[in-house]
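Structural overview for review
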Amino acid sequence: LQVVLKLLSQVRVDERDTLEKQQEKKWLKKQAMLKRRLDAATREYVDKLYYRDMYNLAACWKTCTQVNQEMKALGSVSVRLKVLKDQIRMRVMGLGWDNCHHPLSKNGYVYTPDEIALHLKQDFIKKHAKRVVPDMPPVDLPMHKALPVLGTPSPDIIRLDATMAKEEKKLIEAAEGLMKELEEKDLRIDMQIFNKS
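Residues numbered from 1 in each chain as written. Predicted model: local features only at pLDDT ≥ 70, side-chain atom pairs only at ≥ 80, totals over all residues. Heavy atoms only, no water.

Along the backbone of the protein chain there are 5 helices and 2 strands. In sequence order, the protein chain lays out its α and β elements as α-α-α-β-β-α-α. What you see for the protein chain is a C-alpha radius of gyration of 26 Å, clearly larger than the 16 Å of a compact globule of 197 residues, by over 25%. Here the C-alpha coordinates of the protein chain stretch approximately 95 × 55 × 35 Å along the principal axes. In the protein chain, which comprises 197 residues, the proportion classed as buried is 25%. For the protein chain, contacts bridging at least 24 residues in sequence account for 75% of all contacts bridging at least 6. Approximately 14800 Å² of the protein chain is accessible, and the part contributed by carbon and sulfur atoms is 58%. For the protein chain, the distance from the average site of its 36 positive side-chain charges to the average site of its 28 negative ones is 3 Å. (Helix = DSSP H or I, 4+ residues; strand = E, 2+ residues; numbered from the N terminus. Rg over C-alpha atoms; globule rule 2.2 N^0.38 Å. Buried < 20%, exposed > 50% of the residue type's maximum accessible area, 1.4 Å probe, protein only. Contact = heavy atoms within 4.5 Å. Areas by Shrake-Rupley, 256 points an atom, 1.4 Å probe, with all protein chains shown as cover. Lys, Arg positive; Asp, Glu negative; His and termini not counted. Charge placed at Lys NZ, Arg CZ, Asp CG, Glu CD.)

The following block contains the structure:
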């Protein structure tokens with residue numbers, strides 16, 4: 001009986017250790033997945049920052065007349081499509097106007113540059129002439145699903161929301177730093193090309 005009791009206590013300790021290792025492994029896996037998501041969100045936010053900056057430059061067509069003039073000046077269909085795609089991304093990604101997205105093709109039908117330009121003029125420029133342009137693009141963080149709350153939120157939800165707010169701030173700072181780093185690399189590459197010629 002004593003042998004059984006000794007073995008039983010050892011089995012309990014082993015099971016507890018195994019369970020703790022399993023929980024730690026699960027937690028590490030979850031943290032690695034969250035880090036991958038945050039890294040992807042940071043890279044996506046850098047793209048949004050670039051498109052937001054492009055919106056403020058002369059590259060952005062802000063009037064219907066400007067769209068018509070620029071479309072006439074562009075030559076090939078592929079160049080027109082690329083430029084129109086960037087014009088739409090400036091607004092969808094850079095400003096967060098997701099409700100105005102227009103695909104380049106749908107159900108096997110490829111839209112012509114004139115059709116996309118018409119969408120740009122009607123759905124972006126005319127409809128959103130008075131729409132407020134945000135200072136910064138929206139941040140897409142992996143968050144918990146927003147559910148209706150009956151009563152007061154639990155302390156876990158409050159803590160999670162506070163953590164996500166800190167993560168959002170970190171993500172913005174990391175994206176801005178990455179953007180500056182990429183701009184410096186581009187500038188160095190441009191200078192090397194200029195010095196070789």
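Don't stop here, the text continues.
Turning next to the environment of proline 153. Mapped onto the elements of the fold, proline 153 is located in the loop between α4 (113-126) and α5 (155-196). Taking the C-alpha atoms as reference points, proline 153 and proline 138, 15 residues apart in sequence, are found 25 Å from one another.

Residue pairs three or four apart in sequence face the same way in an α-helix, which turns once every 3.6 residues. Here helix α1 (residues 2-56) spans 80 Å end to end across 55 residues, near enough to the 81 Å set by a 1.5 Å rise per residue. Taken together, the buried positions of α1 are Leu38, Ala41, Thr42, Tyr45, Val46, Lys48, Leu49, Tyr51, Arg52 and Tyr55. (Expected span 1.5 Å × (residues − 1).)

Further remarks concern the side chain of arginine 91. With respect to the element layout, arginine 91 can be found in helix α3 (residues 77-92). With near-sequence residues (within four places) excluded, arginine 91 lies in contact with Tyr55, Cys60, Trp61, Lys62, Gly96, Trp97, Leu120, Phe124 and Ile125.

A few words now on empty space enclosed by the protein. In this structure the tally under the stated criterion is 1 cavity of 30 Å³ or more. For the largest cavity, the calculated volume is near 30 Å³. Ala41, Glu44, Tyr45, Lys48, Pro138, Val139, Asp140 and Leu171 together form the lining of the largest cavity. If one sorts the elements of the lining of the largest cavity by residue count, α1 sits on top with 4 residues. (1 Å grid on protein atoms, 1.4 Å probe; cavity = no way out; pocket = protein on both sides within 12 Å on 5 of 7 lines; lining within 4 Å. Points joined across faces, edges and corners; volume = space filled by probe spheres on them.)

Two elements in contact, helix α2 (residues 64-73) and α4, have axes whose closest approach is 10 Å; the angle formed by their N-to-C orientations is 160 degrees. By the angle between their axes, α2 is roughly antiparallel relative to α4. Crossing angle aside, the handedness with which α2 passes α4 is right-handed. On α4, the residues that touch Cys64, Val67, Asn68 and Met71 of α2 are Pro113, Asp114, Ala117, Leu120, Lys121, Ile125 and Lys126. Across the contact of α2 with α4, the residue classes tally to 7 nonpolar, 1 polar and 3 charged. (Axes fitted to C-alpha atoms, helices over the stretch in contact; angles between N-to-C directions. Parallel < 35°, antiparallel > 145°, perpendicular 65-115°, else oblique. Left-handed = near helix turned anticlockwise from the far one by under 90°. Nonpolar A, V, L, I, M, F, W, Y, C, P; charged D, E, K, R; others polar.)

Next up on the list: the nonpolar core. Counting residues in each nonpolar core, the largest one holds 23 residues, and the members touching the most others are Trp61, Val67, Leu84, Leu120 and Phe124. Residue assignment for this core shows that the elements contributing at least two residues are α1, α2, α3 and α4. Apart from residues no more than four positions distant in its own chain, tryptophan 61 is found in contact with Gln66, Val67, Glu70, Met71, Leu74, Val83, Leu84, Gln87, Arg91, Leu120 and Ile125. Counting 11 residues, the second-largest nonpolar core is a separate cluster that includes Leu49, Val139, Leu141 and Met179. (Core = buried A, V, L, I, M, F, W, Y, C linked by side-chain atoms within 4.5 Å.)

Counted under the stated rule, the structure contains 0 disulfides. Looking at the unpaired cysteine 60, the closest cysteine sulfur is the one in cysteine 64, lying at 12 Å. Exposure remark for cysteine 60: the relative accessible area of 3% places this residue in the buried category. (Disulfide = S-S within 2.5 Å.)

These figures come from the coordinates and say nothing about function on their own.
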